Amino acid sequence: MLSWLPENASNLASGVDNVLLFVTVLSVFFFLLISAFLIGFAIKYRRKTEHDETPYITGNELIEVIWTVIPSVLLIFIFAWGYIEYREMRTPPDNAVEVNVVARQWLWQFDYYNGKKTINELYVQQGRPVRMVMRSEDVLHSFFVPDFRVKQDILPGNYTQLWFTPTKAGTFELFCAEYCGTSHSQMLAKVHVLGPEAYAIWEKGIGIDEGTSVASTLPPAEQGAELYTNRGCNACHSIDGTALIGPTFKGLFGITEKMTNGKTITVDENYLRESILQPQALIVEGYQPVMPAFEGILSDEEVTALIEYIKTLK
Ligand code: HEC
Ligand SMILES: [Cu+2]
């Protein structure tokens, strides 16, 4: 509708926009009206001579009633309208598809009713209501898709929810909107809204995460480079030698490292594979066991691509 707003891509967007627009127009109208009176009266009733005295005024009932009743009616109207929209946004329809959302520092995990899991990529069907059942594994996060006009905080030890019906096919940005630590700004995901046919293909797909692997026609190392950001590894692992939450990937392949259990290992393909799928098996000395397990989330092809990518970072 309005070009300065994000795209209108869900059933809830117009309702939110209309209330916002109404409140904005109303505020601008009263701002201009009051400013005009202020300036007009300042000129009209300015002191003209040394002996100009302010008359003694006791009140004007008519004006007082007007400036009490009109704002009250407007405020009640705004409240009622906002409440109607809010209730709509908080009441998911019974036929909504459920997606379990797990937020953690610093990635998004989506678990679907058909056993699929994706990281930082959410798949939904155009025209079909979907309900997010959300929890956090650590701190406060917030699920925010501006194009859908939906936002909800996510808490540890508690479920929160929101719902929407995507109305446009395409890819939309999902942000974490609650400051959640060092890599908060990297906590991004994409919402893929698929038409019914494309969704049916995605839904029936066998195996994990197929169709979500980024540009798998690329050579493995390049695909790995994309996965490094798309799957959120970059939140904890640098490629320039700096240690973040986890060790850097730069020069990792082939080196010898000490583990917290006292063992010393050499970084080869099998070690990397295990580190990605079951990170708790061996913990690098000097680091905390906080890496999420990617078992069941990344396909073999994707793990291989990541390994190939790590090998190129000399
Ligand atoms: C929440 C932060 C976090 C995220 C996200 C994360 N890791 Fe880790 N990773 C760690 C930490 C901490 C360690 C060191 C402790 C350990 O060995 O588990 C680690 C260790 C590793 C190691 C072993 C490093 C070494 O020096 O031996 C590899 C390989 C690895 N991660 C790959 C990945 C890949 C690939 C991804 C993305 C798919 C990823 N990690 C996502 C935190 C993270
Ligand atoms: Cu967050």
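1. Digging into unusual backbone geometry
Inference 1: Cis geometry is found at the peptide bond from Gln 105 to Trp 106, where omega equals -5°.
Inference 2: Residue position: Trp 106 is located in the loop between β1 (97-104) and β2 (107-112).
Inference 3: In this model, Asn 120 sits at a positive phi of 55°, which is unusual for a non-glycine residue.
Inference 4: Note on placement: Asn 120 falls in the loop between β3 (117-119) and β4 (121-125).
Inference 5: A positive phi angle, near 60°, is found at Arg 149, a position not held by glycine.
Inference 6: Along the chain, Arg 149 falls in the loop between β6 (141-145) and β7 (150-154).

2. A short note on the nonpolar core
Inference 1: Counting residues in hydrophobic clusters, the biggest one holds 37 residues, and the most contacted among them are Trp 108, Phe 110, Met 132 and Phe 143.
Inference 2: For this core, the leading source of residues is strand β10 (residues 188-194), giving 4 residues.
Inference 3: If we skip the residues at most four places from it in the chain, Phe 110 touches Val 99, Asn 100, Val 101, Lys 116, Lys 117, Thr 118, Asn 120, Glu 121, Leu 122, Phe 143, Leu 174 and Ala 189.
Inference 4: By size, the runner-up hydrophobic cluster in this structure holds 26 residues, among which are Leu 252, Val 284, Ile 307 and Leu 313.

3. Things to note about the sheet that holds β10
What holds strands together in a sheet is hydrogen bonding between their backbones, with the strands either parallel or antiparallel.
Inference 1: Strand order in the open sheet formed by 5 strands is β4-β10-β9-β6-β7, and the pairing between neighbours is mixed. The two strands at the open ends of the sheet, each matched to only one other strand, are β4 and β7. With strand direction ignored, the average angle separating the axes of adjacent strands in the sheet is 25°.
Inference 2: The pairing of β6 with β7 spans 5 bridges and is classified as antiparallel.

Thresholds, definitions, all that
- Residues numbered from 1 in each chain as written.
- Chains lettered and ligands numbered in written order.
- Predicted model: local features only at pLDDT ≥ 70, side-chain atom pairs only at ≥ 80, totals over all residues.
- Heavy atoms only, no water.
- Helix = DSSP H or I, 4+ residues; strand = E, 2+ residues; numbered from the N terminus.
- Core = buried A, V, L, I, M, F, W, Y, C linked by side-chain atoms within 4.5 Å.
- Buried < 20%, exposed > 50% of the residue type's maximum accessible area, 1.4 Å probe, protein only.
- Contact = heavy atoms within 4.5 Å.
- Pairing = 2+ DSSP bridges.
- Axes fitted to C-alpha atoms, helices over the stretch in contact; angles between N-to-C directions.

Everything listed is a geometric property; what it means functionally is a separate question.
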